[in-house]
Amino acid sequence: MRWGKPTLRNSFFGWLSAEAEPVHHSDDIGIQLEEIRHAMLLCLSETGKPRELALGNKLRMTDDVQTLWFARSDLMQSMAATIGETRAREKMTFITKMFNGLISESITGHKSRY
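Residues numbered from 1 in each chain as written. Predicted model: local features only at pLDDT ≥ 70, side-chain atom pairs only at ≥ 80, totals over all residues. Heavy atoms only, no water.

I'm lost on the overall build of the chain in this one. Help?
Assigned secondary structure in the chain consists of five helices and zero strands. Along the chain, from the amino end to the carboxyl end, the secondary structure elements read α-α-α-α-α. Buried positions account for 29% of the 114 residues belonging to the chain. Partitioning the intrachain contacts of the chain with sequence separation of at least 6 by distance along the chain shows that 61% fall at a separation of at least 24. For the chain, the exposed surface amounts to about 8200 Å²; the carbon and sulfur share of it is 56%. (Helix = DSSP H or I, 4+ residues; strand = E, 2+ residues; numbered from the N terminus. Buried < 20%, exposed > 50% of the residue type's maximum accessible area, 1.4 Å probe, protein only. Contact = heavy atoms within 4.5 Å. Areas by Shrake-Rupley, 256 points an atom, 1.4 Å probe, with all protein chains shown as cover.)

How should I be thinking about the environment of Gln-32 in this particular structure?
Among the structural elements, Gln-32 can be located in helix 2 (residues 26–47). With a relative accessible area of 23%, Gln-32 lands in the partly exposed category. Linking Gln-32 and Met-98, residues 66 residues apart in sequence, is a C-alpha distance of 7.8 Å.

Would you take a moment to explain the packing of helix 3 (residues 53–61) against helix 4 (residues 65–83) for this structure?
Relative placement of two packed helices is described by the angle separating their axes and the distance separating the axes. At their nearest, the axes of helix 3 and helix 4 sit 10 Å apart, and the two run at 160° to each other. One finds that helix 3 runs roughly antiparallel with respect to helix 4. The handedness of the crossing between helix 3 and helix 4 is left-handed. Only Thr-67, Leu-68, Ala-71, Asp-74 and Leu-75 of helix 4 make contact with helix 3, whose side of the interface consists of Leu-55, Lys-58 and Leu-59. (Axes fitted to C-alpha atoms, helices over the stretch in contact; angles between N-to-C directions. Parallel < 35°, antiparallel > 145°, perpendicular 65-115°, else oblique. Left-handed = near helix turned anticlockwise from the far one by under 90°.)

Explain the side chain of Thr-96 here, please?
Structurally, the position occupied by Thr-96 is in helix 5 (residues 85–97). Take Thr-96: its relative accessible area is 11%, and that puts it in the buried class. Among the polar contacts listed, one links the side chain of Thr-96 to the side chain of Arg-72, at a separation of 2.8 Å. (Polar contact = N/O pair within 3.5 Å; in protein donor to acceptor, adjacent residues only side chain to side chain.)

When you look at the side chain of Arg-37 in this model, what are you seeing that I'm missing?
Structurally, the position occupied by Arg-37 is in helix 2. Here Arg-37 falls in the buried class, since its relative accessible area comes to 6%. Within polar-contact distance, the side chain of Arg-37 engages the backbone oxygen of Arg-60 at 3.5 Å. Apart from residues lying up to four places away in sequence, Arg-37 is in contact with Leu-59, Arg-60, Met-61, Thr-62, Asp-63 and Leu-68.

Explain the nonpolar core to me, please; I cannot follow it from the model alone.
As a rule of thumb, soluble globular proteins bury nonpolar side chains together. By size, the foremost hydrophobic cluster in this structure holds 22 residues, and its most contacted members are Met-40, Leu-59, Leu-68, Leu-75, Met-79, Ile-95 and Phe-99. Of all the elements in the fold, those that place two or more residues in this core are helix 2, helix 3, helix 4 and helix 5. (Core = buried A, V, L, I, M, F, W, Y, C linked by side-chain atoms within 4.5 Å.)

What follows is the structure, given as structure tokens:
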């Protein structure tokens, strides 16, 4: 007898993956996204470069955590040119940690340099 349509969620492997990744509510993700965005914009404002307007607009307009993740390299480049690579790496380490649990390991498959 079949109780319901089998899906990955109710399969054995679905149970395993559920424990591997924390469950986030959409409100929690939205709050975390805003915190990351704010931290990135603060770092960008320290560069004092008016030409970074495009990056600032990109950070403000995106609603996608993956876009923010990939914008880290542009932010790192901008900060390194202004405040030095060592200080920029320190700031990027903090920002990168903010993404824990939000980005899948398929994207972050390697340890981030920042």
